[in-house]
Amino acid sequence: MQEFAGEPSVQISPDDVYMLQRTFDRVCIWCSIPRYGKRAQMLARNIIEQFRNGVSDEAALFESAMWQEQHSDVAQYRPDA
């Protein structure tokens, strides 16, 4: 997750990084997404984008990521799953 967090000028606290990682891991498990590959990168970027847009509750991030995953074209084709 840290490699997707972006510029060094945009700091995310260690506690927030752990929370984002937990959210990412849970979505990967629930949706059978390999933790490496294009689909995982898109998921990580989406979670971080939501966080930067003010969604800081772990449950809300998970729900948002699950919704996005279930409604994305990538999820339907599963090229690297």
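Our subject in this report is the structure included herewith. What you see is a predicted model; the values in this text were computed from it and never measured. (Residues numbered from 1 in each chain as written. Predicted model: local features only at pLDDT ≥ 70, side-chain atom pairs only at ≥ 80, totals over all residues. Heavy atoms only, no water.)

1. With respect to the nonpolar core
Of all hydrophobic cores here, the largest spans 19 residues; its most connected members are Leu 20, Phe 24, Val 27, Ile 33, Leu 43, Ile 47 and Phe 51. Mapped by element, the contributors of at least two residues to this core are helix 1 (14-31), helix 2 (38-52) and helix 3 (58-70). Examining the composition of this core, we find that seven residues originate from one element, helix 1, more than from any other. Leave out the neighbours within four places in its chain, and Phe 51 touches Ile 12, Asp 16, Met 19, Leu 20, Ser 56 and Leu 61. (Core = buried A, V, L, I, M, F, W, Y, C linked by side-chain atoms within 4.5 Å. Buried < 20%, exposed > 50% of the residue type's maximum accessible area, 1.4 Å probe, protein only. Helix = DSSP H or I, 4+ residues; strand = E, 2+ residues; numbered from the N terminus. Contact = heavy atoms within 4.5 Å.)

2. What to know about the packing of aromatic side chains
Per the counting criterion, the structure on display carries one aromatic pair. Both rings, one in Trp 30 and one in Phe 62, keep their centres 6.1 Å apart while their planes meet at 70 degrees; by these two values the pair is edge-to-face. With Trp 30 in helix 1 and Phe 62 in helix 3, the pair connects residues that are 32 residues apart, well separated along the chain. Using a relative accessible area of 12% as the deciding quantity, one classes Phe 62 as buried. The side chain of Arg 26 reaches across the aromatic face of Phe 62, ending 3.7 Å from its centre. (Phe/Tyr/Trp six-rings, centres within 6.5 Å; stacked < 30°, edge-to-face > 60°. Lys NZ or Arg CZ within 6 Å of the ring centre and 35° of its normal.)

3. Focus: the packing of helix 2 against helix 3
Two quantities define a packed helix pair, namely the angle between the axes and the distance from one axis to the other. Orientation of helix 2 relative to helix 3, taken along the N-to-C sense of each, is 135 degrees, at an axis distance of 10 Å. With respect to each other, helix 2 and helix 3 are oriented oblique. The handedness of the crossing between helix 2 and helix 3 is right-handed. Contacts from Arg 39, Leu 43, Asn 46, Ile 47, Gln 50 and Phe 51 of helix 2 reach helix 3 at Leu 61, Ser 64, Ala 65, Gln 68 and Glu 69. Of the residues assigned to the contact of helix 2 with helix 3, the class counts are five nonpolar, four polar and two charged. (Axes fitted to C-alpha atoms, helices over the stretch in contact; angles between N-to-C directions. Parallel < 35°, antiparallel > 145°, perpendicular 65-115°, else oblique. Left-handed = near helix turned anticlockwise from the far one by under 90°. Nonpolar A, V, L, I, M, F, W, Y, C, P; charged D, E, K, R; others polar.)

4. Some remarks on the pattern of salt bridges
One pass over the full model with this rule turns up three salt bridges. Notably, a salt bridge pairs Arg 35 with Asp 25, separated by 3.3 Å at the nearest N-O pair. Of this pair, Arg 35 sits in the loop between helix 1 and helix 2 while Asp 25 is found in helix 1, placing the two residues ten residues apart along the sequence. Take Arg 35: its relative accessible area is 39%, and that puts it in the partly exposed class. (Salt bridge = Lys/Arg side-chain N within 4 Å of Asp/Glu carboxyl O.)

These figures come from the coordinates and say nothing about function on their own.
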